[in-house]
Amino acid sequence: MTASQRLPGFIAVAAASALLITGCSAGGGGSDASQPGTGGTPEKGGTVHMLQNADFSYLDPSRGFDGGVNAFYRLIYRGLTMQAAGDADDPNKIVPDLAESLGEASDDGLTWTYTLKDDIFFDDGTPITSEAMKFGISRSWDPQVGIGSPYLRQVIDAPEGYQGPYVTGDLPTIETPDDKTIVFHLKKPFPEFDNVLAQPNAVPFPEGTGAGDEFIKDVIASGPYTLAEYTPGSSIVLERNEYWDDKTDDVRKAYPDSWEFEIGIDPATIDERMIAGQSDDQNAIAGTVSAASLPRLQTPQLKDRAITADAFCTTYMSMNTTKAPFDDVNVRNAINWAIDRSALVNASGGTQLADPAYTIIPPVVSSFKDFNLWESEGDKGDTEKAQELLDEAGLSDGFEFTLDIRSQPLMQGQAEAIQQALEPLGITVNLNVIDTSIYYETIGTPSQQNDAAITGWCPDWASSASTIIPPLFDGRNIFEKGNSNLAQINDPAINDRIDEITAMTDVDEAKTAWGDLDEQIMGLSPVAPLVFSKGIFLPGENIAGYYPSTNLTDLTIIGLKDPSKG
């Protein structure tokens, strides 16, 4: 998966809000698209606006890798495969995109072959060929550019030391016998390889493009929209890619003529504008409503507009196992025992927006196993048990550590809840606040990350935990940049079990095994699961086809009821 979590941006103790929000209309979202979205079917034309606090991490899909930017990429890039539309019966299903069909695997599972569709072009009219697809994918091995999704590097075979097309050159383990055929050679059988190619960095680019920072402020689009204007930290305008042909795209609808992203808006201001719904804001969408604004959603009109999305992601605190004192499992377990998860739920907006988490796999994923290794009354934590473990570690008087957090009120509140829970143990938590736009790059660079970090993880596909456990806990995938194993745990027993489960062809057996491995890993406490975050959204009155998700809201099916108003 995916991907890191897009989190709501406000903190509040919201017991009252939790009660008041009851009665908001449920719709779309989560992994269940059997529920209706909002606003009916859009009409062609107009402009949809997106109000957001922070800029996207990168326009280059080989660099970016979080829920917000992944949804954005879907507007301008296409891959061989992709996740189904947000309003599909199964929105987690993987379907063909630029390829005519899903991949054809060899009998030994080591070779996968795809055939490109006809009449597919970049935004300058250049045909998209198998060579362009290979070139775009091979950028993921570049040490500077390829800091996004890790799955291509993990699954596709490559010569030792290969560093992408700009440094090393050709990648011989991806073959292109003709302009339409592309053949991948894998390190070992991976039954979910179609899912790997649905990742945002598995997209085509013309050979020789995109070196260095070329795609930082510009794009070469293969999807329905291309970049018209970009002012970093302020705004992005997308216009139609005239060379995109809807006859080649069975999923994206691309209703609006253009998209305008307004960036750098205070979260409270976003709520105010979405509630008021004046002028162009009636044609706008935004992230989750902050907890402080929930009591205001009580008028019939606002209740009708509000939509709840189920929890799809886990918010957690990683603990760097390569640094003392977190190199001691007793210390890490003490942290997990001491954390007051009821306080974290409150800091995350209350029970309507969050549930306490004790597993890394969220309940929406089929591999979820319900267990709690740190059970305490009212989820408030057990300080006595934590103190016993600190005594065993020789840290009876506590210690001091630095916690990386994003510059957002929500994460600040979660961090303060952790500070307060650990204070009675003599543990001092120093907060290192990092700008949101560079947060993932910073904590994903081992030389820059501190002792611990709060972040989140959402599965890139929910049919198993293969996009949760391996990226977070496989010790062989700790990279100098773009690292997602923030705990830097490298345990041979975990690594071996990941190999065994990944190779299982019995899907049900694999699902159960991932849940058991979750419990095994949590016994070592490389992370502290904090909460499962839910979301409440308030689209503008003129928005249609909106199926929000706390993971990947499908922007390509959203449009306007009446384009003349936009």
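The coordinates are above.
All values reported here derive from a predicted model rather than from experimental measurement.

1. Points about the pattern of salt bridges
Next up, step 1: Taken as a whole and judged by the stated rule, the model has 23 salt bridges.
Next up, step 2: The residue Asp281 makes a salt bridge to Arg273 at a minimum N-O spacing of 2.8 Å.
Next up, step 3: Taking relative accessible area as the criterion, Arg273 reaches 24% and is therefore assigned partly exposed.
Next up, step 4: A salt bridge links Arg476 to Asp499; the nearest nitrogen and oxygen atoms lie 2.7 Å apart.

2. Observations regarding the packing of aromatic side chains
Next up, step 1: Scanning the model with the defined rule gives 19 aromatic pairs in all.
Next up, step 2: Relative to Phe399, the ring of Phe326 has its centre 5.9 Å away and its plane inclined at 85°; by these criteria the two rings are edge-to-face. Residue Phe326 is located in the loop between strand 13 (307-319) and helix 9 (329-338), and its partner Phe399 is located in the loop between helix 11 (383-392) and strand 15 (400-406); the two are separated by 73 residues in the primary sequence.
Next up, step 3: Owing to a relative accessible area of 11%, Phe399 belongs among the buried residues under this scheme.
Next up, step 4: An aromatic cluster is defined as three or more aromatic residues linked by ring pairs; in this entry it consists of Phe56, Phe72, Trp259 and Phe261.
Next up, step 5: The side chain of Arg153 reaches across the aromatic face of Phe479, ending 4.6 Å from its centre.

3. Things to note about the packing of helix 15 (residues 492-502) against helix 16 (residues 507-522)
Next up, step 1: One way to put it is that helix 15 packs onto helix 16 with a least axis distance of 10 Å and a crossing angle of 170°. The orientation of helix 15 relative to helix 16 falls into the category roughly antiparallel. Residues Ala493, Ile494, Arg497, Ile498, Ile501 and Thr502 of helix 15 form the contact with helix 16, whose participating residues are Ala510, Ala513, Trp514, Leu517, Gln520 and Ile521.
Next up, step 2: Here the contact of helix 15 with helix 16 is composed, by residue class, of nine nonpolar, two polar and one charged.

4. With respect to the environment of Pro470
Next up, step 1: Inspection of the secondary structure assignment puts Pro470 in helix 14 (residues 469-473).
Next up, step 2: Given the relative accessible area of 7%, Pro470 is considered buried.
Next up, step 3: C-alpha of Pro470 to C-alpha of Phe56: the two residues are 414 residues apart in sequence and 25 Å apart in space.
Next up, step 4: Residue contacts for Pro470: discarding those within four places in its chain leaves Ala465, Ile498 and Trp514.

Reading the values: rules and limits
- Residues numbered from 1 in each chain as written.
- Predicted model: local features only at pLDDT ≥ 70, side-chain atom pairs only at ≥ 80, totals over all residues.
- Heavy atoms only, no water.
- Salt bridge = Lys/Arg side-chain N within 4 Å of Asp/Glu carboxyl O.
- Buried < 20%, exposed > 50% of the residue type's maximum accessible area, 1.4 Å probe, protein only.
- Phe/Tyr/Trp six-rings, centres within 6.5 Å; stacked < 30°, edge-to-face > 60°.
- Helix = DSSP H or I, 4+ residues; strand = E, 2+ residues; numbered from the N terminus.
- Lys NZ or Arg CZ within 6 Å of the ring centre and 35° of its normal.
- Axes fitted to C-alpha atoms, helices over the stretch in contact; angles between N-to-C directions.
- Parallel < 35°, antiparallel > 145°, perpendicular 65-115°, else oblique.
- Contact = heavy atoms within 4.5 Å.
- Nonpolar A, V, L, I, M, F, W, Y, C, P; charged D, E, K, R; others polar.

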